[in-house]
Amino acid sequence: MTSRWTTAVLDIDLPGGWAVARSRDGFLCDDNGALFPREWLKRQDLSILTEHGIGHLDGEPVYLLELSHPSDVPGCNWKGLRAFMLEGDHTLYKVLGYAAQIGTWAREHRFCGNCGQAMHQVPRERCTASPAIYAATRVFRRA
């Protein structure tokens, strides 16, 4: 038996897939749930702080849009993670729980503790680095 949900680091430059949007008010959802076509969600008036490819659900890529603040989207509302747990869809709860972990990490580690510069996501890795450290790391990896 294969798992419906597997975590992965996905390239955010690739198009398509599903996405969830998370703000301090929880996850954006509508009558169909919290997963939205990614391209549609990115066309909404959302304050995207960061985007992360977080895994695959039933073989389809899933991305997180971490927002700086909640926005009104027609036909949608915001719901906390606990409410999804109580609804009983364990797989969706696992997806959203993982998204919440990645979103919290991304939100709370936006600046370098050493130099104070804004951190940038390292392509194809679940990490961020300040520009100076990232440049030094790239040079180091080539050696």
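Everything below is about the structure printed above this text.
Here we summarise the structure given alongside this text. (Residues numbered from 1 in each chain as written. Predicted model: local features only at pLDDT ≥ 70, side-chain atom pairs only at ≥ 80, totals over all residues. Heavy atoms only, no water.)

1. Overview of the overall build of the protein chain
Then comes step 1: In terms of helices and strands, the protein chain carries four helices and nine strands.
Then comes step 2: Counting from the amino terminus, the protein chain carries its helices and strands in the arrangement β-β-β-β-α-β-β-β-α-α-β-β-α.
Then comes step 3: In summary, the protein chain has a C-alpha radius of gyration of 16 Å against a globular reference of 15 Å for 143 residues, a match within 12%.
Then comes step 4: Overall size of the protein chain, expressed as C-alpha extent along the three principal axes, is 50 × 40 × 25 Å.
Then comes step 5: For the protein chain, the proportion of its 143 residues judged to be buried stands at 37%.
Then comes step 6: Partitioning the contacts of the protein chain with sequence separation of at least 6, the portion at a separation of at least 24 is 58%.
Then comes step 7: Accessible area for the protein chain stands at about 8500 Å²; split by element, carbon and sulfur atoms hold 52% of it.
Then comes step 8: Each charge class in the protein chain was averaged separately, 16 positive and 16 negative side chains, and the resulting centres sit 7 Å apart. (Helix = DSSP H or I, 4+ residues; strand = E, 2+ residues; numbered from the N terminus. Rg over C-alpha atoms; globule rule 2.2 N^0.38 Å. Buried < 20%, exposed > 50% of the residue type's maximum accessible area, 1.4 Å probe, protein only. Contact = heavy atoms within 4.5 Å. Areas by Shrake-Rupley, 256 points an atom, 1.4 Å probe, with all protein chains shown as cover. Lys, Arg positive; Asp, Glu negative; His and termini not counted. Charge placed at Lys NZ, Arg CZ, Asp CG, Glu CD.)

2. A few points about the side chain of Arg 22
Then comes step 1: Take Arg 22: it is sitting in strand 2 (residues 18-23).
Then comes step 2: Since its relative accessible area comes to 15%, Arg 22 is described here as buried.
Then comes step 3: There is a polar contact of 2.9 Å between the side chain of Arg 22 and the side chain of Glu 66.
Then comes step 4: Setting aside residues no more than four positions away along its own chain, Arg 22 makes contact with Phe 27, Leu 64, Leu 65, Glu 66, Leu 67, Trp 78, Ala 99, Ala 100, Gly 103 and Thr 104. (Polar contact = N/O pair within 3.5 Å; in protein donor to acceptor, adjacent residues only side chain to side chain.)

3. What to know about helix 3 (residues 90-108)
Then comes step 1: Between its terminal C-alpha atoms helix 3 stretches 27 Å, which fits the 27 Å expected from 19 residues at 1.5 Å a residue.
Then comes step 2: For helix 3, every residue scored as buried is listed here: Thr 91, Leu 92, Val 95, Leu 96, Gly 97, Ala 99, Ala 100, Ile 102, Gly 103 and Ala 106.
Then comes step 3: Those residues of helix 3 that are buried lie in contact with strand 1 (5-10), strand 2, strand 3 (26-29), strand 5 (48-57), strand 6 (60-67) and helix 2 (81-87). (Expected span 1.5 Å × (residues − 1).)

4. Some details on the pattern of salt bridges
Then comes step 1: A complete count under the given rule lists six salt bridges for this structure.
Then comes step 2: For the salt bridge of Asp 58 with Arg 4, the shortest nitrogen-to-oxygen distance reads 2.9 Å. Of the two residues, Asp 58 is situated in the loop between strand 5 and strand 6 and Arg 4 in the segment before strand 1; the sequence distance between them amounts to 54 residues.
Then comes step 3: We classify Asp 58 as partly exposed; its relative accessible area is 47%.
Then comes step 4: Accessibility expressed as a relative area gives 42% for Arg 4, which makes it partly exposed.
Then comes step 5: Close ionic contact of Arg 38 with Glu 51 constitutes a salt bridge, the shortest N to O distance being 2.7 Å. With Arg 38 in helix 1 (residues 38-43) and Glu 51 in strand 5, this residue pair connects regions lying 13 residues apart in the sequence. (Salt bridge = Lys/Arg side-chain N within 4 Å of Asp/Glu carboxyl O.)

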